[in-house]
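# Reading the structure
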Amino acid sequence: AGVAVSTAMVEAAREPIAVTLLAAAANANADLIVMGTHGRRGIGRAVLGSVAESLLRAATLPVLLVRGHA
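A few points on the structure. On a predicted model such as this, the values are computed, not experimentally measured, just so you know.

## Quick word on the pattern of salt bridges
- Scanning the model with the defined rule gives 1 salt bridge in all.
- As a salt-bridge pair, Arg57 and Glu53 come within 2.7 Å of each other at their nearest N and O atoms. Of the two residues, Arg57 and Glu53 both sit in helix α3 (residues 51–58), 4 residues apart, roughly one turn of that helix.
- Residue classification places Arg57 among the exposed positions, given a relative accessible area of 67%.

This is how it looks when you write it as structure tokens:
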């Protein structure tokens, strides 16, 4: 479709992963964050937490979540 795309791999050291990803997006002047998710629900999400959910709640730019295969 002629859309310019760039990808990056970032390493999270001490900060939560969502914070690290948001900082990387800001440094790259991103217009959109595309992120994969396991799509866990209920107790699985409560116990394990959700990086995708944390990122969604804190993001100031659009986030597209892509659900992985079951």
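## Observations concerning the nonpolar core
- Of all hydrophobic cores here, the largest spans 10 residues; its members are Ala18, Leu22, Ala25, Ile33, Met35, Ala52, Leu55, Ala59, Leu61 and Val63.
- Taken together, the elements giving at least two residues each to this core come down to α1 (17–27), β1 (33–37) and α3.
- It is α1 that contributes the most residues to this core, 3 residues altogether.
- If near-sequence neighbours (up to four positions away) are discounted, Ala18 is found in contact with Val51, Ser54 and Leu55.

## Focus: a nonpolar patch on the surface
- A surface patch of nonpolar side chains, amounting to about 340 Å² of accessible area, comprises Leu32, Val34, Leu64 and Val66.
- As for its placement among the helices and strands, Leu32 is situated in the loop between α1 and β1.

## Brief notes about the environment of Ala52
- Position of Ala52 among the secondary structure elements: in helix α3.
- For Ala52, a relative accessible area of 6% gives the class buried.
- Between the alpha carbons of Ala52 and Met35 there is a distance of 7.3 Å; along the sequence they are 17 residues apart.
- Each residue touching Ala52, except ones within four places of it in the same chain, is listed here: Met35, Thr37 and Leu65.

## Brief notes about unusual backbone geometry
- The phi torsion at Asn29 lies on the positive side, around 55°, for a residue other than glycine.
- The class for Asn29 is exposed, based on a relative accessible area of 66%.

What counts and how
- Residues numbered from 1 in each chain as written.
- Predicted model: local features only at pLDDT ≥ 70, side-chain atom pairs only at ≥ 80, totals over all residues.
- Heavy atoms only, no water.
- Salt bridge = Lys/Arg side-chain N within 4 Å of Asp/Glu carboxyl O.
- Helix = DSSP H or I, 4+ residues; strand = E, 2+ residues; numbered from the N terminus.
- Buried < 20%, exposed > 50% of the residue type's maximum accessible area, 1.4 Å probe, protein only.
- Core = buried A, V, L, I, M, F, W, Y, C linked by side-chain atoms within 4.5 Å.
- Contact = heavy atoms within 4.5 Å.
- Patch = residues over 30% accessible without salt bridge, like charges linked within 9 Å, V, L, I, M, F, W, Y side chains within 5 Å.
- Areas by Shrake-Rupley, 256 points an atom, 1.4 Å probe, with all protein chains shown as cover.

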